[in-house]
Structure formats: structure tokens, C-alpha cells
Amino acid sequence: MKSAQTPLHRVKGLGASHSGTGHFWRERITAVALMPLSLWFAYAAIGLAGTSTSAPLQFFAHPMNAILMAAFVIISLYHAALGVQVVIDDYIHSTGMKIFLFLLVRLFVIATGSACLIALLRISVF
Amino acid sequence: MAENPQQPALATRPLSPHLTIYRWPVTMMTSITHRATGMALTGGALILAWWLVAISNGLDGGYQQFMALAASPLGMLVLFGATWSLAYHFFNGLRHLAWDLGYGFDKKLAERNSVIIFALSALSAIAIFAIVWTGHGGYLQ
Ligand code: HEM
């Protein structure tokens, strides 16, 4: 039987899902990066638990600490957006609702991430 | 329903287990818990944002209120949940990556590892809270 696929569609080989293994791979790469970063995060969070304001201010004024925290924030939220997308894919079956929730998740991670990064900039740069 | 003439033959046929009487394998628990902790941590990012913003407001900029809330019973419950979620997701995430490399699929091993991961994550969260509670946290003064 002659295929109804266009040559471009066949060459891309992605079928009805519109994407390949990229999503899976990014979820794993971010997971690997998060392993050392979350250990560092635990060290920082325990070390700052119960201190007065000047301790975290001084801690994040150090560029290395600000950069590590920024990396933890960005990579966690990227990993989280990829992860929540899989959960939505599993449970929501109407395309419109799916797209709406995907956008909502992106809005959430961008807003939360921006708040964290601007706070870090205010502490460490300004 | 109409009388089934083949009732006895049907009754001896193997039936798929019904959900309500199905014994939950521990590996099923670890799988759903990975998803639940991932979702909880995603929401928990708001606490991290709140904490960083409070710090960035400088002296007397809401940090004391954040710390007071964190030290309240509800605050501690939420923070304990977040701590355990990260510990669990960390250990089970490690196992996910091992699975992706093709290791750890043996049934008995997977069941034993599931129990270890539940125990290890609970112990880690308790240990972290014990460190802070006994005043051994806050070393980054
Ligand atoms: C500590 C380091 C972390 C590691 C090693 C890790 C590892 C993983 C892995 C391997 C998966 C894929 C699981 C699957 O295929 O079913 C995953 C899923 C997920 N992770 Fe993480 N993760 C980490 C931290 C985080 C953090 C900090 C968040 C949230 C801010 C998060 C949120 C999620 C979510 C929402 C999912 C999707 C759950 C699902 O599909 O059932 N993870 N994680």
C-alpha cells in the first residue's frame, strides 16, 4: 500500500508524537547534573538554617555560591517542566487542555525561576 | 445477565487480578512515589523562591517572618515533607538512571532496593532535621 506520509514526514520519522528522544534525554542530563547540585544545596540549606539575615546575605554575595544556586534553580526548574509535561501527557487526553497546561507549567517555571534569579542578582551584584 | 451455559469452564480460566484485591508490589509504590515527590518538589520551588526573595530584601525585609513561619509546626511539617521528597527523589532518581543503563531489573533486587530507598530517604530526612534541631545547622555564619 502506498503510504500517505509526505517524504519529509517519513524522513523525520517522528510519527504522531511530533518529537523524538530529545525530551527523554534532556530529562536524564538534567537529572545527572542535579545529583551533585542537590548535595551542594543540602549543604547550603542546612548551613543557613536558623541563621539571621546577614548569614545568607554574605553566603550568596560570594559569586561561586550565587552561581551554584542559580544553576540549581535553572536546572531543577527545567527538569521539573520536562517531568510535569510527562505527567500531563499521561493523564490529560484532550489536545486543547494539554496545550493549556503545558503553557501553564512553562509560565510557572519561568515566573518562579525569574524570581529566584532576580533575588540572587540583587544579593550578589547590587 | 443471561445464564451462561459455560459457567464451570469459565470459572477455571485464569482471571486477571482485580485492582481492589491486587497486592500492591513495593516497586509500584516506589514508582508512584517518584512521580508524587517530583510534583511536590515542583511546588516546593515556590518555597525556595520565597526564601531567596526574602533574603534579597535585606535586613528587616521579611526574612524574619519567613524564618518564624518555617519554625512553626505547619512550616516544619512542610519543610520535612520537602526534605524527604528531595531525598527520596534523589535516591530513586539514581536508580532510574541505573535502569536506563540496563542495571537493576532483577525482580528480587528491585524489590529489595525499593525498601532500601524508602528507608534511606526517611533516615536522611530525619538526620537532616536532627542536625538542625540539635543546633548543628547554621554553620555558614
Ligand atoms: C536530586 C536530583 C534529581 C534526580 C537524580 C532526578 C531524577 C529524575 C528522573 C530520572 C526522572 C525520570 C523518571 C521517569 O522516567 O519516570 C525524574 C522525573 C521527575 N523529576 Fe526529578 N530528579 C531530581 C530532582 C528533581 C527536582 C529538584 C524536581 C523539582 C523541582 C524534580 C521533578 C521531577 C518531576 C516533576 C518528574 C516527573 C515525574 C514523572 O514523570 O513521574 N526532580 N527525576
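Cut-off values and rules
- Residues numbered from 1 in each chain as written.
- Chains lettered and ligands numbered in written order.
- Predicted model: local features only at pLDDT ≥ 70, side-chain atom pairs only at ≥ 80, totals over all residues.
- Heavy atoms only, no water.
- Helix = DSSP H or I, 4+ residues; strand = E, 2+ residues; numbered from the N terminus.
- Rg over C-alpha atoms; globule rule 2.2 N^0.38 Å.
- Buried < 20%, exposed > 50% of the residue type's maximum accessible area, 1.4 Å probe, protein only.
- Contact = heavy atoms within 4.5 Å.
- Areas by Shrake-Rupley, 256 points an atom, 1.4 Å probe, with all protein chains shown as cover.
- Near = heavy atom within 4 Å.
- Polar contact = N/O pair within 3.5 Å; in protein donor to acceptor, adjacent residues only side chain to side chain.
- Nonpolar A, V, L, I, M, F, W, Y, C, P; charged D, E, K, R; others polar.
- Core = buried A, V, L, I, M, F, W, Y, C linked by side-chain atoms within 4.5 Å.
- Buried area = accessible area lost by both parts, 1.4 Å probe.
- Salt bridge = Lys/Arg side-chain N within 4 Å of Asp/Glu carboxyl O.
- Donors = N, O, S within 2.8 Å, 3.2 Å for Na, K, Ca; no water.
- Tetrahedral: all angles 85-135°; square planar, octahedral: opposite > 155°, others 65-115°.
- Expected span 1.5 Å × (residues − 1).
- Axes fitted to C-alpha atoms, helices over the stretch in contact; angles between N-to-C directions.
- Patch = residues over 30% accessible without salt bridge, like charges linked within 9 Å, V, L, I, M, F, W, Y side chains within 5 Å.

1. Some remarks on the overall build of chain A
Scanning chain A from terminus to terminus reveals 5 helices and 0 strands. The globule rule puts the C-alpha radius of gyration for 126 residues at 14 Å, and the 20 Å found for chain A is more than 25% above it. Counting only C-alpha atoms, chain A reaches 70 × 25 × 25 Å along its principal axes. Residues counted as buried form 37% of the 126 residues belonging to chain A. Relative to all contacts within chain A whose residues are 6 or more apart in sequence, the contacts with residues 24 or more apart total 67%. Surface accessibility of chain A: about 7,500 Å² in total, with carbon and sulfur atoms responsible for 73%.

2. Here's the deal with the site of the ligand
Neighbouring the ligand are 23 residues, the closest being Arg28(A), Ser38(A), His79(A), Arg35(B) and His89(B). His79(A) places a side-chain nitrogen or oxygen 2.8 Å from a nitrogen atom of the ligand. Between the ligand and His34(B) there is a distance of 3.4 Å, counted from a nitrogen atom to a side-chain nitrogen or oxygen. The greatest single-element share of the shell around the ligand, amounting to 7 residues, is contributed by helix α4 (residues 63-91) of chain A. Considered class by class, the residues forming the shell around the ligand number 10 nonpolar, 10 polar and 3 charged.

3. Focus: the nonpolar core
In a soluble, globular protein the nonpolar side chains are often hidden away together inside. Counting 37 residues, the largest nonpolar core has Phe60(A), Met69(A), Leu48(B), Trp51(B) and Leu52(B) as the members making the most contacts within it. Where this core is concerned, the elements lending two or more residues are α2 (22-48), α3 (54-61), α4 and α5 (95-124) of chain A together with α2 (26-56) and α3 (63-71) of chain B. For Trp51(B), the contacting residues outside a window of four places in its chain are Leu48(A), Phe60(A), Met69(A), Tyr63(B) and Phe66(B).

4. Observations concerning the interface of chain B and chain A
Chain B puts 33 residues into the contact, and the matching count from chain A is 43 residues. Between chain B and chain A the total buried area reaches about 3,300 Å² when both faces are included, carbon and sulfur atoms providing 75% of it. Three residues stand out in chain B for area buried against chain A, namely Arg35(B), Leu52(B) and Leu140(B), and they jointly supply 19% of the buried area on that side. Linking chain B with chain A are 2 salt bridges, by the criterion used here.

5. Brief notes about the coordination of the iron atom of the ligand
Ligation of the iron atom of the ligand by protein atoms is provided by His79(A) (NE2) and His89(B) (NE2), these donors lying 2.0 Å from the ion. Around the iron atom of the ligand sit 6 donor atoms; with metal-centred angles ranging over 87 to 179°, the donor geometry is octahedral. Taken together, the residues His79(A) in helix α4 and His89(B) in helix α4 (residues 73-100) connect one chain to another. Looking at His79(A), the relative accessible area reads 14%, which means it is buried. Its relative accessible area of 16% is what places His89(B) among the buried residues.

6. A word on the side chain of Thr112(A)
Its location among the elements puts Thr112(A) in helix α5. Ignoring sequence-local partners within four residues, the contact set of Thr112(A) consists of Leu77(A), Ala45(B), Leu46(B) and Ala49(B).

7. Observations concerning α2(A)
Here α2(A) spans 37 Å end to end across 27 residues, near enough to the 39 Å set by a 1.5 Å rise per residue. Positive phi shows up at Gly50(A), right after α2(A), with a value of about 75°.

8. Observations regarding the packing of α2(B) against α3(B)
A pair of packed helices is captured by two measures, namely the crossing angle of their axes and the spacing between those axes. Residue and element names in this part refer to chain B. Where α2 contacts α3, the two axes come as close as 8 Å, and the packing angle between them is 145°. Judged by residue contacts, Ile47, Trp50, Trp51, Ala54 and Ile55 of α2 engage Tyr63, Phe66 and Leu69 from α3. The class makeup of the residues in the contact of α2 with α3 is 8 nonpolar, no polar and no charged.

9. Re the pattern of salt bridges
This model, assessed by the stated rule, comprises 4 salt bridges over all chains. Asp90(A) is paired through a salt bridge with Arg35(B); the nearest N and O atoms lie 2.9 Å apart. Of this pair, Asp90(A) sits in helix α4 while Arg35(B) sits in helix α2, each in a different chain. On the accessibility criterion, Asp90(A) (39% relative accessible area) is partly exposed.

10. A short note on a nonpolar patch on the surface
Taken together, the side chains of Tyr91(A), Tyr22(B), Trp24(B), Met28(B), Met29(B) and Ile32(B) make up a nonpolar region of the molecular surface, amounting to roughly 580 Å² of accessible area. Among the elements that make up the nonpolar patch, the one with the highest residue count is α2(B) (3 residues). Relative to the elements of secondary structure, Met28(B) occurs in helix α2.

So, to be careful, I would describe these as geometric facts and stop short of saying anything about function.
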